[in-house]
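Residue-level structural notes
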Amino acid sequence: MERGLRHVLNRFPDYEQGLKQGETLAGLQSHIRSILQNKAALYSQRNPPSNSLEISSVLDDSRPDFKLYTGCGGNIVVYKALNSLQANSNESVVSAQVATALKAALRLVANIGSRVASFYTGGAGIYALAVELDRENWLQHVQSLAGEWTPAKNEDNEVLFGKAGYLYCLLYVNKHHPEAGLQLRGLIEEVAEALFEAGFGEDRTKLTYLWRGKDYLGAAHGTIGILQMLLLALKEGEGWLFAGENTLNDYKEALQRTIDYVCDLQFPSGNFPSHVRDAGNPERDKLVHFCHGAPGAILTLCTAYEYFHNPRFLATATRAGDMMWEKGLLKKGNGLCHGIAGSGYAFLALFRVTGAEKWLWRALKFGEAIDTAFVQDEVTRWSDPQRRVVGVPDSPYSLMEGLGGTLCFLVDVLQPEKARFPGFEL
């Protein structure tokens, strides 16, 4: 084993080689179904819908947590995904598991309170899901969601804790409950405008953001994540967002210039730096995560290509995807934020925008990796100083760090036409 590598050396055959060896996409999907069935049974047994999620099961450290990122709110997303694969599934029918998980999360938000208004870490994410899933009380949940737009809860701009994460909540409602979305259009425009204006300098040519004084670039805390939410706003708000205002063209031009600038920051390897200041320094070419690195960048670049049809955006994403096939089997784990499933979603996005089967193949192979010995042996031995137990995420069953998000990926790789990264795509 090579020392110092953050990824497992990829021994899977790529698309053309695999086909020559007799493998097929249908065969891979059949294998993924078997893996999903076993992992889903473990998740349901270990993490049934309840009032709280055991955050560190290995250490028996339990505390109430409603958040979608690490807490019981993630159950809503996971059980909703699993339900979508059931025979004769009707997306308008909410399963008992989803309903129970939603009630638990809403109760915790009411009891604990929320410090921020983002999808992953704030009560706003729970309210957005409640609008979609609790149709009898959707108006109440819309009011609760709108009430999260306060200065104290929206100081930051990024996805994980800031305005961009709140904007996603509003756009999620607009997509999944159009009647509620109509009531939120004014707020969507207000938040989108606040995000654009926060990124402008004096010349208003491109967008620049800092988080806690640092020039983060990645999807979770940086510019790439904010750009994604602004892109989604323009896509979802086509025809009414900033309608009749000259600022719309200014915003579009600044957004495209900024994405073009992000392409300039790509490392020769195909990866992206964690911070803008690290661009051009190969010694800083380390993290291949959704939160920091190529996987999150690919998701945004694919959205940008769908909106602007700029071939450079797709070419840059493709180059990053080829790098990820080599370096995306992360020793840090199988989850979404900094794991193999997060890498897999980038392949699914590339498949969506290109239709090229090699990207679906690669996503399926990363799904296989979640139950493949040569990968998992290294995952379980990976020592991370930020973790309390070697080889185990601190939130082992959660949506963003643990098995919950892995299950969402396994579901989506079986229905790639519907695949969307939870909390980041629509």
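Anyway, here's the lowdown on the structure attached to this text. (Residues numbered from 1 in each chain as written. Predicted model: local features only at pLDDT ≥ 70, side-chain atom pairs only at ≥ 80, totals over all residues. Heavy atoms only, no water.)

Another point: the overall build of the protein. Along the backbone of the protein there are 16 helices and two strands. The C-alpha atoms of the protein give a radius of gyration of 20 Å, which matches the 22 Å a tight globule of 426 residues would have. Projecting the C-alpha coordinates of the protein onto the three principal axes gives extents of approximately 55 × 50 × 40 Å. Across the 426 residues of the protein, 59% fall into the buried class. Here the contacts in the protein between residues at least 6 apart in sequence split such that 71% fall between residues at least 24 apart. Of the side chains in the protein, 42 bear a positive and 48 a negative charge, and the two mean positions are spaced by 4 Å. (Helix = DSSP H or I, 4+ residues; strand = E, 2+ residues; numbered from the N terminus. Rg over C-alpha atoms; globule rule 2.2 N^0.38 Å. Buried < 20%, exposed > 50% of the residue type's maximum accessible area, 1.4 Å probe, protein only. Contact = heavy atoms within 4.5 Å. Lys, Arg positive; Asp, Glu negative; His and termini not counted. Charge placed at Lys NZ, Arg CZ, Asp CG, Glu CD.)

The next point concerns the pattern of salt bridges. As enumerated under the stated definition, the model contains 19 salt bridges in all. The closest approach of N and O atoms between Glu253 and Arg257, which form a salt bridge, is 3.5 Å. Here the residue Glu253 and the residue Arg257 both occupy positions in helix α10 (residues 247-264), the gap between them amounting to four residues, near one helical turn. Its salt-bridge partner being Arg284, residue Asp278 comes within 3.6 Å of it at the nearest N-O pair. Look at the salt bridges and you will find they share partners, linking Asp14, Asp322, Lys358 and Arg362 into a network. (Salt bridge = Lys/Arg side-chain N within 4 Å of Asp/Glu carboxyl O.)

The next thing to look at is the environment of Tyr209. For Tyr209, the position within the fold is in the loop between α8 (178-199) and α9 (223-236). Judged by its relative accessible area of 4%, Tyr209 is buried. Filtering out sequence-adjacent residues up to four positions away, Tyr209 remains in contact with Asn157, Leu195, Phe196, Ala198, Gly199, Lys214, Asp215, Thr223, Ile226 and Leu230. Separated by 2.6 Å, the side chain of Tyr209 and the backbone oxygen of Leu195 make a polar contact. (Polar contact = N/O pair within 3.5 Å; in protein donor to acceptor, adjacent residues only side chain to side chain.)

Another point: the side chain of Thr258. Looking at the element boundaries, Thr258 is found in helix α10. By relative accessible area, which is 1% here, Thr258 ends up buried. If we ignore the near neighbours within four places in the chain, the residues touching Thr258 are Lys206, Leu207, Thr223 and Leu227.

What follows is about the packing of α8 against α9. Contact geometry of α8 with α9 gives a least axis separation of 11 Å together with a crossing angle of 140 degrees. Classified by the angle between their axes, α8 and α9 sit oblique to one another. Crossing geometry of α8 relative to α9 is assigned as left-handed. In this structure, α8 contributes Ala192, Leu195 and Phe196 to the contact, and α9 contributes Ile226, Leu230, Ala233 and Leu234. (Axes fitted to C-alpha atoms, helices over the stretch in contact; angles between N-to-C directions. Parallel < 35°, antiparallel > 145°, perpendicular 65-115°, else oblique. Left-handed = near helix turned anticlockwise from the far one by under 90°.)

Another aspect to go through is helix α11 (residues 294-308). Between its terminal C-alpha atoms α11 stretches 20 Å, which fits the 21 Å expected from 15 residues at 1.5 Å a residue. His309 occupies a position one or two residues after α11 and carries a positive phi of about 60 degrees. (Expected span 1.5 Å × (residues − 1).)

All right, on to the nonpolar core then. Core analysis: the largest hydrophobic core is formed by 146 residues, its most contacted members being Tyr120, Leu167, Leu255 and Phe409. For this core, the leading source of residues is helix α13 (residues 340-354), giving 10 residues. Those residues in contact with Leu255 that lie beyond four places of it in its chain are Phe196, Leu207, Leu227, Leu230, Leu231, Leu234 and Phe308. (Core = buried A, V, L, I, M, F, W, Y, C linked by side-chain atoms within 4.5 Å.)

What follows deals with unusual backbone geometry. Positioned with a positive phi, Arg212 is a non-glycine residue whose angle comes to about 55 degrees. Structurally, Arg212 is set in the loop between α8 and α9. Residue Arg212 is classed as exposed on the basis of its relative accessible area of 64%. Positioned with a positive phi, Phe242 is a non-glycine residue whose angle comes to about 55 degrees. Position of Phe242 relative to the elements: it lies in the loop between α9 and α10.

Volume-wise, the second largest pocket comes out at about 510 Å³. If you trace the second largest pocket, you find 18 residues lining it, with His289, Lys332, His338, Asp384 and Gln386 closest to the centre. Partitioned by chemical class, the residues of the lining of the second largest pocket number six nonpolar, five polar and seven charged. (1 Å grid on protein atoms, 1.4 Å probe; cavity = no way out; pocket = protein on both sides within 12 Å on 5 of 7 lines; lining within 4 Å. Points joined across faces, edges and corners; volume = space filled by probe spheres on them. Nonpolar A, V, L, I, M, F, W, Y, C, P; charged D, E, K, R; others polar.)

Attention now goes to empty space enclosed by the protein. Here the idea is plain: a probe the size of a water molecule rolls over the atoms and shows the empty space left. Evaluated as defined, the whole model comprises two cavities of 30 Å³ or more. Put simply, the second largest cavity is a space of about 30 Å³. Contributing to the lining of the second largest cavity are Ile224, Leu227, Ile259, Val262, Ala297, Thr300 and Leu301. Broken down by secondary-structure element, the contributors of at least two residues to the lining of the second largest cavity are α9, α10 and α11. Among the elements that take part in the lining of the second largest cavity, α11 stands out by supplying three residues, more than any other. Its residues assigned to classes, the lining of the second largest cavity comprises six nonpolar, one polar and no charged.

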